[in-house]
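Architecture at a glance
Residues per chain are reported as follows:
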2 protein chains.
Amino acid sequence: MRTLTKDAPNKIGEQITLMGWVHARRDHGKLIFIDLRDRWGIVQVVFNPKNKEVLLEASRLRPEWVVKIEGVVKERPEGMQNPELPTGKIEMEAMKLEILAEAKTPPFTLDTDGHEIGEENRLKYRYLDLRRERLKRNLILRDEIISFIRSCLHEKDFIEIETPILTKSTPEGARDYVVPSRLYPGKFYALPQSPQQYKQLLMVAGVERYFQIVRCFRDEDTRGDRQPEFTQLDIEMSFTNQEEILNLIEEIFTELIKKKFPEKHITQSPFPRLSYAEAMEKHGSDKPDLRKNKDDKNELAFAFIIDFPMFEWKKDEKRWDAVHHPFTKIQNSESLNLDGDPTGFLAEQYDFVLNGYEVGGGSIREHDPTILEKVFEIMGNKKEDVREKFGHLLTAFEYGVPPHGGIAPGIDRLAMILAGEPNIREVIAFPKTGDGRDLMMDAPSELEKKQLDELHLEIKKKKK
Amino acid sequence: MRTLTKDAPNKIGEQITLMGWVHARRDHGKLIFIDLRDRWGIVQVVFNPKNKEVLLEASRLRPEWVVKIEGVVKERPEGMQNPELPTGKIEMEAMKLEILAEAKTPPFTLDTDGHEIGEENRLKYRYLDLRRERLKRNLILRDEIISFIRSCLHEKDFIEIETPILTKSTPEGARDYVVPSRLYPGKFYALPQSPQQYKQLLMVAGVERYFQIVRCFRDEDTRGDRQPEFTQLDIEMSFTNQEEILNLIEEIFTELIKKKFPEKHITQSPFPRLSYAEAMEKHGSDKPDLRKNKDDKNELAFAFIIDFPMFEWKKDEKRWDAVHHPFTKIQNSESLNLDGDPTGFLAEQYDFVLNGYEVGGGSIREHDPTILEKVFEIMGNKKEDVREKFGHLLTAFEYGVPPHGGIAPGIDRLAMILAGEPNIREVIAFPKTGDGRDLMMDAPSELEKKQLDELHLEIKKKKK
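Residues numbered from 1 in each chain as written. Chains lettered and ligands numbered in written order. Predicted model: local features only at pLDDT ≥ 70, side-chain atom pairs only at ≥ 80, totals over all residues. Heavy atoms only, no water.

1. Focus: the overall build of chain A
What counts, and what does not: Helix and strand definitions follow DSSP, with helices as H or I runs of at least four residues and strands as E runs of at least two, each counted in order from the N terminus. Exposure classes here rest on a 1.4 Å probe applied to the protein chains alone. A residue is buried below 20% of its type maximum, exposed above 50%, and partly exposed in between. Any two residues having at least one pair of non-hydrogen atoms within 4.5 Å are treated as being in contact. Areas reported as accessible are Shrake-Rupley estimates using a 1.4 Å probe. Residue values count occlusion only from the protein chains shown. For the purpose of counting charges, residues Lys and Arg are taken to be positive, whereas Asp and Glu are taken to be negative. His and the chain ends are not included. Think of each charge as sitting on NZ of Lys, CZ of Arg, CG of Asp or CD of Glu.
Per the secondary structure count, chain A includes 11 helices and 21 strands. With respect to the principal axes defined by its C-alpha atoms, chain A has extents near 90 × 60 × 40 Å. Every one of the 464 residues in chain A was classed for burial, and the buried ones make up 59%. Taking all contacts inside chain A whose residues are at least 6 apart in sequence as the whole, residues at least 24 apart take part in 64%. For chain A, the computed accessible surface area is about 19800 Å², with 47% contributed by carbon and sulfur atoms. Of the side chains in chain A, 72 bear a positive and 82 a negative charge, and the two mean positions are spaced by 5 Å.

What follows is the structure, encoded as structure tokens:
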């Protein structure tokens, strides 16, 4: 149907059709030059007086109009070549022009990196903001990162399995987003904070090597660089241990950098493994930035933090809480007094750190139901509550559960660092604001009374 | 750490460690035979009186217990070989046995195809049901289908882009699932029925070739083979037409069958294209089953149905409605009187059909805002309502929109047919019942009063 701009240099002397956006227009005496842009690049198109009608039509063109242009590809005269552009040696002499769509002047410029533009405006007109080269590159990069990870894991016999988005509320830490059920008045689904329980159930199912690039949801209070929904690489394995999981992650990301980011270099291989105590003592942080030169854009300092404490004392609630989550295995639990003081209990938990960011975390899971119940007890849960909340998992563990564990690197943050961006919104196609609004779609928004009625809901009046 | 069962035949004479489930146990005089199962297959393990303690421990083993066994791989005596098993020529002589987890007797048998077992029970214990060979194969098959499609589209320069799950309610047909906002009292997000508007906005953004394997949500009344959430392959292209889109789909699925299902054959290539009128007249259906022999499990009759009517008269509502959706392009709209009677207007819409099932649908989109407003008018919408509901899309179309269109094959149904299964629940890891319940997790479920308060919600009391 048409030639892509990237293919035009191979068509010298041929008549082709280009389609795309008017990136820029320059008038030079009797000639009009158009930079025609499609996803793959830019081609210079010349309108000359040989085709008067077409030249006249071209004089109407404005930036961002969508056009279809037929013409002949020619080599540019020697002095006019632009060696910086892949298509800089050619231009197209226009013979026919069709305007497919006109365009209003965009509310902001599209040919800069956009960092100078107010973010509210960029998010409201995200479909224009995404036209800029930087964001297009970020979208492609993100897709390439994910594709690379997928093929890596498939090669190692991992199965990608989709788990439900409409699931059950199981308070594990953060607040759940919930979805009222129309068919069951007063009942709700919850959106998953992670597929934690499903992936553990898949281990009980004998899948042994599971992964998923999966959307997760947390209804947290607004904070700068957070999104209500985010994407993680969810990995779970059976018959494994911490060593095997960390080695797997190290292998995937070492290969990713080698293949897709040859300009970048990893500070230390194998990735250093610091105990939580050591990290806090030496670096004052459980996500230390181990780069040697923080001004070096291409330096990547990966690290693993291990040996986290299992429990932390919650002053306000006057109870012990799991640092990671209650399904984490306690180190050497067979030689501990689980009825005693849990201070000093370490967990088989690990964090994955890059350039001072936590980019993932995981653990070996406790699969012995009697120890699990003990953990819940230490956390101050009543037995009935545990059965109510996690009954299906504890029941599942009675039917032949393999030892298992996993890890979940966050895709948004990894893509952000690899793209050299300052925040995750730059690597998400349609992000929300820090306070959870979609400025383009205008969400969240009010429902019609009829919808609320169907859901058996009433909005509480504000107290005066 | 261990040897997988599939690798054991290459280790004759070597000492290895196997881990997995006790699939079956047979006692023969002084010997105990165990079929040890992992994800990759089964290996026969022999316990003999040479290791008395180990033999004694093995006598405790029951089906579905999880074990770690060390031993030596041996060739089976000639008469004892089982040519039907890939590991049928070898067995392992056990030297060490560790019981990793005991197991209760499963509530149903796991070594049949499971069709004979009540589905409620299968769904409640899905983590056991998934252990059966048939379901494991379905999960792998589904992943292979999706992986194949992904690499096909990546090769053709499509970008996979993730679109939001928390978005805006825009009544397009079915009912939305909604998510109350805690931060904005009385406001709600909606879960997408499809990424329809996002993918069109990505075309405005200049992505040109987008796809996504994406979860979609519809709150519909209960009906046998439906799920509240389902997965579709979402494709959208710019500067395209119906011909190019149908050819793309035909190419992907022809290649998929050739590469991944060599035992299957396609009834007719190129896939036949029937007009809606012709399909209804000749076959009495807009999803005709064109197989020559419906008893042939390996026959695949793909077809495209085209030239759908644009509008249908809704008797009850006394108004015209879009058959597909209002963003569909009307055929030859430039030569029609859009203020007149829309009977007979055809749409640039197409359905993708396989063996009597609709497995996808799509359309070329109308990108001219003035015609779009006309369509909404024909459908009986007030101008203000249209702006309110679809304003962001109409606004976007003013900034240089390329002609575009797309298609969205349903992954669940395609996987179901290719796996030879009678319903989509057989190719979904954790499906819900026909009436939207998750029997394993017990969802939907009630919230605590505190959660409702935070969401500014009250459950309406039932009227007496």
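Structure's up, so let's keep going.
2. Focus: the environment of C216(B)
Residue and element names in this part refer to chain B. Following the sequence through the fold, C216 ends up in strand β9 (residues 209-217). Between the alpha carbons of C216 and Q227 there is a distance of 9.9 Å; along the sequence they are 11 residues apart. Apart from residues no more than four positions distant in its own chain, C216 is found in contact with P192, Q193, S194, P195, P228, E229, F230 and Q232.

3. Here's the deal with the interface of chain A and chain B
Condition: Two parts lose some accessible area (1.4 Å probe) when they are put together, and adding that loss for both gives the buried area. Basic side-chain nitrogens of Lys or Arg form a salt bridge, by our definition, when they fall within 4 Å of a carboxyl oxygen of Asp or Glu. Polar contacts here mean pairs of N or O atoms no more than 3.5 Å apart (in protein, one a potential hydrogen donor and the other a potential acceptor; neighbouring residues in sequence count only if both atoms are side-chain atoms). Residues are sorted three ways: Asp, Glu, Lys and Arg are charged, Ala, Val, Leu, Ile, Met, Phe, Trp, Tyr, Cys and Pro are nonpolar, and all the rest, Gly among them, are polar. Strands qualify as paired when DSSP identifies two bridges or more between them.
Contacts between the two partners involve 122 residues from chain A, matched on the other side by 122 residues from chain B. At the boundary of chain A with chain B, total buried surface from both sides reaches about 11000 Å², with 59% on carbon and sulfur atoms. For the pair chain A and chain B, the interface holds 20 salt bridges. Applying the counting rule to chain A against chain B returns 65 residue pairs in polar contact (both at pLDDT 80 or more). Ranked by residues supplied to the side of chain A that touches chain B, first place goes to helix α4 (residues 133-155) of chain A with 8 residues. The residue makeup of the side of chain A that touches chain B, split by class, is 59 nonpolar, 25 polar and 38 charged. Looking at chain direction, strand β20 (residues 445-446) of chain A and strand β8 (residues 187-190) of chain B are connected through 2 bridges and run antiparallel. Along β8(B), the bridge assignment pairs E446(A) with K187(B).

4. Considering the relation of the copies chain A and chain B
Filter applied, for reference: The copies were overlaid by least squares, fitting only the C-alpha atoms of residues that reach a pLDDT of 70 or more in each copy.
Each copy superposes on the other: chain A lies on chain B with an RMSD of 0.0 Å after a rotation of 180° and an axial shift of 0.0 Å. Classification of the inter-copy transformation places it as that of a two-fold axis. Comparing interface residues between copies, 100% of those in chain A also sit at the interface in chain B, which points to an isologous, same-surface contact.

5. Observations concerning the domain arrangement of chain A
The cut-off we apply is this: Segmentation of the chain into domains, including their bounds, is taken from an automatic or database domain assignment.
Taken domain by domain, chain A comprises domain 1 (5-101) and domain 2 (127-427). Summarising the inter-unit geometry, the C-alpha centres of domain 1 of chain A and domain 2 of chain A are found 50 Å apart.

6. Here we look at the pattern of salt bridges
Following the criterion strictly, the structure yields 95 salt bridges over all chains and no others. Notably, a salt bridge pairs E426(A) with R134(A), separated by 2.8 Å at the nearest N-O pair. One end of the pair, E426(A), is in the loop between α10 (411-419) and β20; the other, R134(A), is in helix α4, and 292 residues separate them in sequence. With a shortest N-O distance of 2.9 Å, R122(B) and D129(B) are connected by a salt bridge. Classification of R122(B) as buried rests on a relative accessible area of 3%. Under the relative-accessibility criterion, D129(B) is labelled buried at 0%. The network of salt bridges with shared partners includes R122(A), R126(A), D129(A), R132(A), R134(A), E421(A) and E426(A).

7. Section: α10(A)
An α-helix turns once every 3.6 residues. As a result, residues three or four positions apart point the same way. Residue and element names in this part refer to chain A. The element α10 is largely enclosed, with a buried count of 8 among its 9 residues. Of all the positions in α10, only I411, D412, L414, A415, M416, I417, L418 and A419 are classed as buried. Backbone geometry just downstream of α10 places G420 in the positive-phi region, at approximately 70°.

8. Looking at the sheet that holds β8(B)
Across the sheet, which stays open at both edges, the 3 strands sit in the order β20(A)-β8(B)-β7(B) with antiparallel pairing between neighbours. Strands at the two margins of the open sheet, each flanked by one partner only, are β20 of chain A together with β7 (178-180) of chain B. Direction of pairing for β7(B) relative to β8(B): antiparallel, over a ladder of 3 bridges. Residue pairing for β8(B): P180(B) is matched across the bridge by F188(B).

9. Observations concerning the confidence of the model for chain A
Just so we agree on the cut-off: A residue's pLDDT is the confidence the predictor assigns to it, expressed on a 0 to 100 scale.
This prediction gives chain A a mean pLDDT of 94; 99% of its residues lie at or above 70. Across the predicted assembly, pTM comes out at 0.96 and ipTM at 0.96.

10. Comments concerning the sheet that holds strand β10 (residues 229-238) of chain B
All names here are of chain B. Selection rule: To define axes, lines are fitted to C-alpha atoms, for helices over the stretch in contact only, and angles between the resulting N-to-C directions are given on a 0 to 180 degree scale.
Across the sheet, which stays open at both edges, the 8 strands sit in the order β6-β9-β10-β19-β18-β17-β14-β12 with mixed pairing between neighbours. Pairing within the sheet leaves two strands with one partner each, and these edge strands are β6 (159-160) and β12 (273-275). Note: strand β17 (residues 349-354) against strand β18 (residues 357-364), 6 bridges, orientation antiparallel. Paired with L354 across the bridge in β18 is Y357. In this fold helix α4 (residues 133-155) packs onto β6, β9 and β10, with an angle of close to 150° to the strand it touches most, β9. Sheet strands touched by helix α10 (residues 411-418): β9, β10, β17, β18 and β19 (404-409). Its angle to β18, the strand with the most contacts, is close to 140°.

11. A look at the nonpolar core
For clarity, the cut-off: Nonpolar core, defined: a set of buried Ala, Val, Leu, Ile, Met, Phe, Trp, Tyr and Cys residues in which side-chain atoms within 4.5 Å join the residues together.
Within the largest apolar cluster, 44 residues are counted, with the highest numbers of intra-cluster contacts made by L153(A), I235(A), F253(A) and F302(A). Of all the elements in the fold, those that place two or more residues in this core are α4, β9 (209-217), β10 (229-238), α6 (242-260), β14 (302-306), β17 (349-354), β18 (357-364) and α10 of chain A. For this core, the leading source of residues is α6(A), giving 8 residues. Non-local contacts of I235(A), meaning those with residues more than four positions away in its chain, are made with L153(A), F158(A), K199(A), Y210(A), F211(A), L248(A), I249(A), G405(A), G406(A) and I407(A). In terms of nonpolar packing, the next biggest core, distinct from the first, is built from 43 residues, F211(B), I257(B), V359(B) and I417(B) among them.

12. Describing the packing of aromatic side chains
Residue and element names in this part refer to chain A. Operational definition: Stacked, tilted and edge-to-face are the three classes assigned to paired rings of Phe, Tyr and Trp, where Trp is represented by its six-membered ring and a pair needs centres within 6.5 Å; plane angles under 30 degrees give stacked, over 60 edge-to-face, the rest tilted.
Tallied over the full model, the rule gives 34 aromatic pairs over all chains. Consider the rings of Y276 and F308, whose centres lie 5.1 Å apart with planes at 35°: the pair is tilted. Of this pair, Y276 sits in helix α7 (residues 276-283) while F308 sits in the loop between β14 and β15 (311-314), placing them 32 residues apart in sequence. Note on F311 and F345: the rings are 6.4 Å apart at their centroids and 55° apart in plane angle, and the pair reads as tilted. A residue pair is termed long-range when its members are at least 10 positions apart, and F311 in strand β15 and F345 in the loop between β16 (319-322) and β17 qualify at 34 residues. Residue F311 shares its accessibility class with F345, and that shared class is buried. Within the aromatic cluster, the residues linked to one another by ring pairs are F253, F271, F302, F304 and F352.

13. Quick notes on the packing of α4(B) against α10(B)
Axes are the key here: two packed helices are described by the angle between their axes and the distance separating the axes. Residues and elements named next belong to chain B. Condition: Angle categories: roughly parallel below 35 degrees, roughly antiparallel above 145, roughly perpendicular from 65 to 115, and oblique for all the rest. Definitions for this section: a left-handed crossing has its near helix turned counterclockwise from the far helix by less than a right angle. A right-handed crossing has that turn clockwise.
Closest axis-to-axis distance for the α4/α10 pair is 10 Å, and the angle between their directions is 120°. Here α10 runs oblique to α4, going by the angle between their axes. Crossing of α4 over α10 shows right-handed handedness. In this structure, α4 contributes L141, R142, I145, I146 and I149 to the contact, and α10 contributes I411, D412, A415 and L418. Its residues assigned to classes, the contact of α4 with α10 comprises 7 nonpolar, no polar and 2 charged.

14. Remarks on helix α9 (residues 383-396) of chain B
Selection rule: By definition here, a helix of n residues has an expected span of 1.5 Å times n minus one. Bend at a given residue is defined as the angle between two axes, one fitted to the seven residues that end at that position and one fitted to the seven that begin there.
Its 14 residues give α9(B) an end-to-end C-alpha distance of only 17 Å, which falls more than 12% under 20 Å, the value for a rise of 1.5 Å per residue. The largest bend in α9(B) is about 85°, located at F390(B). When we look at burial in α9(B), the residues that qualify are V386(B), F390(B), G391(B), H392(B), L393(B), L394(B) and A396(B). Contacts from the buried residues of α9(B) go to α3 (126-129) of chain A together with α5 (196-204) and α8 (369-378) of chain B.

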